[in-house]
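One letter stands for each residue in the lines below.
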Amino acid sequence: MNKQGLIEAVLANKEAGFESKAAADRAIDAVLGAIADGIKKEGNVQLIGFGTFAVKERAARMGRNPQTGAAIKIKASKTVSFKAGAALKETAKKSKKK
């Protein structure tokens, strides 16, 4: 599912009460923006039953240039990780396999 599919799914959910795709799109953008802000300010965002977004540190390491095979230094960095909650894991177990 991509963002457009998510917008349509939210719009189809009558309990959400959105009247237009534009309103559903703004709501999704607001939620994603709030998650990004939470990660930036707090370092993590925990949604009970869904999962946790958290900043992880990656240590500096040695890598290889795939074209030349030469060793290169890769700087330490930060990245965002996601750990699925119990309810989301259970949903995944019930999903159709491709």
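Everything discussed here concerns the structure shown above.
Basis of the calculations
- Starting from 1, residues in each chain are numbered consecutively following that chain's sequence as written.
- Totals for whole chains, interfaces and linings use all residues, but because this is a predicted model, local features are given only for residues with pLDDT of at least 70 and pairs of side-chain atoms are given and counted only at 80 or more.
- Only hydrogens and water are set aside when side-chain values are computed; all heavy atoms of the structure are taken into account.
- The helix count covers DSSP runs of H or I at least four residues long, the strand count covers runs of E at least two residues long, and both are numbered beginning at the N terminus.
- When we talk radius of gyration, it's over C-alpha atoms, and the globule rule is simply 2.2 Å times the number of residues to the 0.38.
- We call two residues in contact when some of their heavy atoms are within 4.5 Å.
- For the accessible areas, the method is Shrake-Rupley and the probe is 1.4 Å, while residue cover comes only from the protein chains on display.
- With axes taken as lines fitted to C-alpha atoms, and helix axes fitted only over the stretch in contact, angles between N-to-C directions fall between 0 and 180 degrees.
- For classification, angles of less than 35 degrees are called roughly parallel, those exceeding 145 degrees roughly antiparallel, those between 65 and 115 degrees roughly perpendicular, and all remaining angles oblique.
- Should the near helix be turned anticlockwise from the far one by less than a right angle, the crossing is left-handed, and should it be turned clockwise, the crossing is right-handed.
- Nonpolar residues are Ala, Val, Leu, Ile, Met, Phe, Trp, Tyr, Cys and Pro. Charged residues are Asp, Glu, Lys and Arg, and all others, Gly as well, are polar.

1. Description of the overall build of the protein
Then step 1. Within the protein one finds three helices and five strands.
Then step 2. When the elements of the protein are put in sequence order from the N terminus, they spell out α-α-β-β-β-β-β-α.
Then step 3. Taken over the C-alpha trace, the protein has a radius of gyration of 19 Å; the compact-globule value for 98 residues is 13 Å, which it surpasses by more than 25%.
Then step 4. With the C-alpha coordinates aligned to their principal axes, the bounding extent of the protein is approximately 55 × 35 × 30 Å.
Then step 5. Long-range contacts, defined as pairs at least 24 residues apart, comprise 27% of the intrachain contacts of the protein with a sequence gap of at least 6.
Then step 6. Accessible surface computed for the protein: about 8100 Å², of which carbon and sulfur atoms make up 56%.

2. With respect to the packing of helix α1 (residues 3-12) against helix α2 (residues 21-42)
Then step 1. Direction vectors running N to C along α1 and α2 enclose 115°, while the axes themselves pass 9 Å from each other. As summarised for this structure, α1 and α2 are arranged roughly perpendicular, according to the angle between their axes. The hand of the α1/α2 crossing is right-handed. Between α1 and α2, the residues in contact are Lys3, Gln4, Leu6, Ile7, Glu8, Val10 and Leu11 and Lys21, Ala24, Asp25, Ile28 and Asp29, respectively.
Then step 2. Residues that form the contact of α1 with α2 fall into these classes: six nonpolar, one polar and five charged.

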